[in-house]
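Observations on the three-dimensional arrangement
Here are the chains, one letter per residue:
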Amino acid sequence: MKVLHLDTNHQLLIEQFAELGFENHEDYTSTKEQVEEKIHLYDGIIIRSRFTIDQQFLDKATNLKFIGRVGAGLENIDVEHAKFKKVFLASAPEGNRNAVGEHTLGMLLSLMNNMCKANRQVKKGTWKREANRGVELDGKTVGIIGYGNMGKAFAKKLRGFDVEVICYDIVGGVGDENARQVGIMEFQQRSDVVSLHVPETEQTVGMVNMEFIEGFHKPFWLLNTARGKCVMTKDLVKGLKSGKVLGAGLDVLEYEKKSFENMFVQKPKAFKYLRKAKNVLLTPHVAGWTVESKEKLAQTIVDKVKERFC
Ligand SMILES: NC(=O)C1=CN([C@@H]2O[C@H](COP(=O)(O)OP(=O)(O)OC[C@H]3O[C@@H](n4cnc5c(N)ncnc54)[C@H](O)[C@@H]3O)[C@@H](O)[C@H]2O)C=CC1
Ligand SMILES: O=C(O)C(=O)COP(=O)(O)O
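Since the structure is predicted, the reported quantities are computational estimates derived from the model, not experimental observations.

As a matter of local geometry, ligand 2 sits amid Ser 49, Arg 69, Gly 71, Ala 72, Gly 73, Asn 96, Arg 227 and His 285. A distance of 2.6 Å separates an oxygen atom of ligand 2 from a polar backbone atom of Ala 72. Arg 227 is positioned such that a nitrogen or oxygen atom in its side chain is 2.9 Å from an oxygen atom of ligand 2. Notes on ligand 2: free accessible area 300 Å², of which the protein chains cover 85%. Here the shell around ligand 2 is composed, by residue class, of 1 nonpolar, 5 polar and 2 charged.

Have a look at this one:
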């Protein structure tokens, strides 16, 4: 099998593929158009999220037998067309779900305890205790939207806390010992914390808008480690200004990819607000990006490809 690696990953992926007798080719710089010209030569590709693997790409990949997506989200792959072309699609949510669970919990506790704000103040020589009085997670209701790999990983991390965990999902029967599945009405009635773990789809783009925010009975903390476009930033800013949203932890931003290279230059108005707000915590899409996940993601792909083809 000739495999084209289009994104860098843990070295074990290349090493173990070589042990399986695969021929590894690495190309981390070509454009999508350049890759499309030679993609017919390969049996497999390994990607993270540098390219969108669309219908055109797949149609040119006439020998393609598998795609290894070294990550969880499949937003950058035309999954239906890959299925139609009988291309085996291996993704690796097993590899980064624990990292996402830990990161989400970390963001929540940091926000509730003003850790980022206080850290900045103390380093500047300001010692304010009352202004940094925290709020405890104990006794709160944590609402998870999208109860799949990532949502479940976050719920698992909450087990040691005295909290009620509820989840909302379009698929029924997903609740488990860590989270009780509820309808959207109850979800909006009870949640003190709302954490998004849905994929980016037609239904989830702009899911967190004004109507959604206003629908909650209590002010709430918002966490988004899913995809940036699930939150309408302008509406989130309105929610933060009105106090309906107590704080937000965002690992992903609406502006990601579209203006990936120059997002700090363009500074959309709403983003400017997020950058200045003391109750907003931003991380650069690293929830699933740990030393351990890098290895686990690669190993998961090797195992799945091996099981299928060797
Ligand atoms: N920030 C990061 O580093 C990472 C982000 N992600 C994001 O997390 C997403 C979720 O990943 P997984 O949990 O592995 O996916 P999954 O497919 O296991 O779970 C997603 C869940 O969302 C539900 N869902 C879909 N549409 C919905 C809707 N409109 N309303 C309510 N529920 C809905 C599905 O039924 C499913 O249960 C990925 O697609 C990716 O966008 C994943 C890994 C790392
Ligand atoms: O696994 C996922 O879905 C992720 O979001 C991880 O980030 P990536 O897009 O692979 O750089």
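Between helix α5 (residues 93–112) and helix α13 (residues 291–309), whose axes approach to 7 Å, the crossing angle comes to 155°. By the angle between their axes, α5 is roughly antiparallel relative to α13. Contacts between α5 and α13 involve Pro 93, Glu 94, Gly 95, Asn 96, Asn 98 and Ala 99 from the first element and Ser 293, Lys 296, Leu 297, Thr 300 and Lys 304 from the second. The residue makeup of the contact of α5 with α13, split by class, is 3 nonpolar, 5 polar and 3 charged.

So, on to the environment of Ile 145. Mapped onto the secondary structure, Ile 145 falls in strand β6 (residues 141–145). It is 8.8 Å that separates the C-alpha atoms of Ile 145 and Ile 166, two residues lying 21 residues apart in sequence. With sequence-adjacent residues up to four places away left out, Ile 145 is seen in contact with Tyr 168, Phe 187, Val 194, Ser 195, Leu 196, His 197, Val 198, Met 207 and Phe 212.

The domain architecture assigned to the protein chain consists of domain 1 (2–91) and domain 2 (97–282). On a C-alpha basis, the centres of domain 1 and domain 2 stand 32 Å from each other. Taken together, the contact pairs 5 residues of domain 1 with 5 residues of domain 2. When the buried area of domain 1 at its contact with domain 2 is split by residue, Ser 49, Ala 72 and Glu 75 rank highest and sum to 90% of it. Viewed at the interface, domain 2 and domain 1 are joined by 1 salt bridge.

Attention shifts here to the sheet that holds strand β2 (residues 23–26). Judged by pairing direction, the sheet is parallel, and its 5 strands sit side by side in the order β2-β1-β3-β4-β5 without closing on themselves. On the outer flanks of this sheet lie β2 and β5 (88–91), each paired with one strand and no other. Pairwise comparison of adjacent strand axes, ignoring direction, gives a mean angle of 20° for this sheet. The sheet contact formed by strand β1 (residues 2–5) and β2 spans 4 bridges and is parallel.

Once that is clear, we can look at the pattern of salt bridges. All chains considered together, the criterion is met by 18 salt bridges. As a salt-bridge pair, Lys 38 and Asp 27 come within 2.7 Å of each other at their nearest N and O atoms. With a gap of 11 residues between them, Lys 38 in helix α2 (residues 32–38) and Asp 27 in the loop between β2 and α2 connect regions that are remote in the sequence. The exposure class assigned to Lys 38 is partly exposed, which follows from its relative accessible area of 24%. A salt bridge links Arg 133 to Glu 130, with the nearest nitrogen and oxygen atoms 2.8 Å apart. For the pair shown, Arg 133 and Glu 130 are each scored as exposed. Residues participating in the shared-partner salt-bridge network are Lys 32, Glu 36, Asp 54 and Lys 60.

It is worth spelling out the site of ligand 1 at this point. Taken together, the neighbourhood of ligand 1 is formed by 28 residues, with Glu 75, Asn 149, Met 150, Asp 169 and Asp 251 sitting nearest. A distance of 2.9 Å separates a nitrogen atom of ligand 1 from a polar side-chain atom of Asp 251. Here an oxygen atom of ligand 1 and a backbone polar atom of Gly 288 are 3.0 Å apart. Isolated, ligand 1 exposes 870 Å² of accessible area, and the fraction of that covered by the protein chains is 87%. Among the secondary structure elements, those contributing two or more residues to the shell around ligand 1 are α5 and α7 (149–157). If one sorts the elements of the shell around ligand 1 by residue count, α5 sits on top with 3 residues. Residues that form the shell around ligand 1 fall into these classes: 13 nonpolar, 11 polar and 4 charged. When residues of the shell around ligand 1 are assigned to domains, at least three map to each of domain 1 (2–91) and domain 2 (97–282).

How each quantity is defined
- Residues numbered from 1 in each chain as written.
- Chains lettered and ligands numbered in written order.
- Predicted model: local features only at pLDDT ≥ 70, side-chain atom pairs only at ≥ 80, totals over all residues.
- Heavy atoms only, no water.
- Near = heavy atom within 4 Å.
- Polar contact = N/O pair within 3.5 Å; in protein donor to acceptor, adjacent residues only side chain to side chain.
- Areas by Shrake-Rupley, 256 points an atom, 1.4 Å probe, with all protein chains shown as cover.
- Nonpolar A, V, L, I, M, F, W, Y, C, P; charged D, E, K, R; others polar.
- Axes fitted to C-alpha atoms, helices over the stretch in contact; angles between N-to-C directions.
- Helix = DSSP H or I, 4+ residues; strand = E, 2+ residues; numbered from the N terminus.
- Parallel < 35°, antiparallel > 145°, perpendicular 65-115°, else oblique.
- Contact = heavy atoms within 4.5 Å.
- Domains from an automatic or database assignment.
- Buried area = accessible area lost by both parts, 1.4 Å probe.
- Salt bridge = Lys/Arg side-chain N within 4 Å of Asp/Glu carboxyl O.
- Pairing = 2+ DSSP bridges.
- Buried < 20%, exposed > 50% of the residue type's maximum accessible area, 1.4 Å probe, protein only.

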